Amino acid sequence: NGSPLQEAAVMVWDSKKAREAAREIDLLESIVPHDRKEIALKLFHDNNYQINADVLRRAMEEAPSHGLNWSPATKKVFSKTIAKGGEIIV
């Protein structure tokens, strides 16, 4: 069991599952327009790191958020997680 910050980071992005799904992430990022990637990756996470027609449809239908609805703490955890190759830095 991790700290509350580690658990919050996993709710945003599970680095282990993301590494296992690296090909799917590359495919998703090549299909989805730049301004939709954030929502697409969140939907991908919510869909247990699998791409399907519903993930793609919803990514294209939802308005891009550009991360504005994330708290500063969540943005910081996400940035650190991605920047460090998926390792959660607490």
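Caption draft 1: Main features of the nonpolar core. Residues Trp13, Ile25, Leu28, Phe44 and Tyr49 are the most contacted members of the largest nonpolar core, which totals 14 residues. Where this core is concerned, the elements lending two or more residues are α3 (22–31), α4 (37–46) and α5 (53–61). When residues of this core are assigned to their parent elements, the largest contribution, five residues, is made by α4. Setting aside residues no more than four positions away along its own chain, Phe44 makes contact with Trp13, Ala21, Glu24, Ile25, Leu28, Tyr49, Gln50, Ile51 and Val55.

Caption draft 2: Local environment of the environment of Arg58. You can see Arg58 is positioned in helix α5. Remark: the alpha-carbon pair of Arg58 and Ile39, spanning 19 residues in sequence, is separated by 8.6 Å.

Caption draft 3: Spotlight on the packing of α4 against α5. Running from N to C, α4 and α5 cross one another at 150 degrees; their axes reach a closest spacing of 9 Å. Note that α4 runs across α5; the crossing there is right-handed. For the pair α4 and α5, the contacting residues are Ile39, Ala40, Leu43 and Phe44 in the first and Val55, Arg58 and Ala59 in the second. For the contact of α4 with α5, the per-class residue count stands at six nonpolar, no polar and one charged.

Caption draft 4: Inspection of the packing of α3 against α4 at higher detail. At a minimum axis distance of 10 Å, the contact between α3 and α4 shows a crossing angle of 145 degrees. Seen along the crossing, α3 lies across α4 with a hand that is right-handed. Across the interface between the two elements, Glu24, Ile25, Leu28 and Glu29 of α3 pack against Lys37, Ala40, Leu41 and Phe44 of α4. Of the residues in the contact of α3 with α4, the class split is five nonpolar, no polar and three charged.

Caption draft 5: Structural view of the pattern of salt bridges. Considering all chains together, one arrives at six salt bridges under this definition. Asp35 is paired through a salt bridge with Arg36; the nearest N and O atoms lie 3.9 Å apart. On the accessibility criterion, Asp35 (36% relative accessible area) is partly exposed. Relative accessible area serves as the criterion here: at 16%, Arg36 is assigned to the buried category. Overlapping salt bridges bring together Asp54, Arg57, Arg58, Glu61 and Glu62 as one network.

Calculation rules
- Residues numbered from 1 in each chain as written.
- Predicted model: local features only at pLDDT ≥ 70, side-chain atom pairs only at ≥ 80, totals over all residues.
- Heavy atoms only, no water.
- Core = buried A, V, L, I, M, F, W, Y, C linked by side-chain atoms within 4.5 Å.
- Buried < 20%, exposed > 50% of the residue type's maximum accessible area, 1.4 Å probe, protein only.
- Helix = DSSP H or I, 4+ residues; strand = E, 2+ residues; numbered from the N terminus.
- Contact = heavy atoms within 4.5 Å.
- Axes fitted to C-alpha atoms, helices over the stretch in contact; angles between N-to-C directions.
- Left-handed = near helix turned anticlockwise from the far one by under 90°.
- Nonpolar A, V, L, I, M, F, W, Y, C, P; charged D, E, K, R; others polar.
- Salt bridge = Lys/Arg side-chain N within 4 Å of Asp/Glu carboxyl O.

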